[in-house]
Amino acid sequence: PENSKINIMRCEWYVPCTPEQFIKFMHDFDEPASLSKNSEEYKLVELFGESDEAKYAIYYIAYKKVLTAAPRDFVYLKNYKKLDENTWIDCSRSLEHQDYPEIQEKVRGKMITCGHYAVRDDDPTTGEIRTKINFTGPNVAITSHLVVLINSRNEADVQIFIKQ
């Protein structure tokens, strides 16, 4: 709605991997069911380009009704790009797509532009590889995306991610 207020947040944390590993992990949807038990459909709608250093794609994801939250769906652009040897970025944003019109049975979610800025920042004490992550976006994006990711990945998945 026109006069709605949206809280934008910025948060920062470290992960024990390289910037490339983190960004590509955040874009790895080969097994979308592992992202959320509440998702019912996940599709790659269109791939505009993919290389070792960048990816641009449109996705569709639908969620089941959960408690009091109505079933929802999203159509969004998700991309990442390597800026230099130690820096990667990603960004996501809703858009409209002619093959995925709004349907009456679901609330069409709107993903306001959000993203990660990942910079390698190895631990000065131990020398261990680590990356500083800065996330900027609406506070709903952090809870719906990262909390689901953190809560649904099992320890084995995390260890595989760290070792890549």
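Located above this text is the structure these notes cover.
Residues numbered from 1 in each chain as written. Predicted model: local features only at pLDDT ≥ 70, side-chain atom pairs only at ≥ 80, totals over all residues. Heavy atoms only, no water.

### Section: the overall build of the chain
Each helix and strand counted, the chain has 3 helices and 8 strands in total. Going from N to C terminus, the chain has its helices and strands arranged as β-α-β-β-β-β-β-β-β-α-α. By residue count, 36% of the 164 residues in the chain fall in the buried class. (Helix = DSSP H or I, 4+ residues; strand = E, 2+ residues; numbered from the N terminus. Buried < 20%, exposed > 50% of the residue type's maximum accessible area, 1.4 Å probe, protein only.)

### Observations regarding the nonpolar core
Of all hydrophobic cores here, the largest spans 10 residues; its members are V15, C17, F22, I23, F25, M26, Y80, W88, A118 and I133. For this core, the element with the highest residue contribution is helix α1 (residues 19–26), accounting for 4 residues. Counting 6 residues, the second-largest nonpolar core is a separate cluster that includes Y42, A57, I61 and Y76. (Core = buried A, V, L, I, M, F, W, Y, C linked by side-chain atoms within 4.5 Å.)

### Details of the packing of aromatic side chains
Using the criterion set out here, one finds 6 aromatic pairs in the structure. Measuring from ring centre to ring centre gives 4.8 Å for Y60 and Y100, while their planes differ by 25 degrees; the resulting arrangement is stacked. Here Y60, found in strand β3 (residues 54–63), pairs with Y100, found in the loop between β5 (87–94) and β6 (107–108); they are 40 residues apart in sequence, far enough to count as distant. Exposure remark for Y100: the relative accessible area of 17% places this residue in the buried category. Ring centres 5.9 Å apart and planes at 45 degrees place the aromatic pair Y80 and W88 in the tilted group. Under the relative-accessibility criterion, Y80 is labelled buried at 5%. Since its relative accessible area comes to 2%, W88 is described here as buried. Chaining the aromatic ring pairs together yields one cluster made of Y42, Y59 and Y76. (Phe/Tyr/Trp six-rings, centres within 6.5 Å; stacked < 30°, edge-to-face > 60°.)

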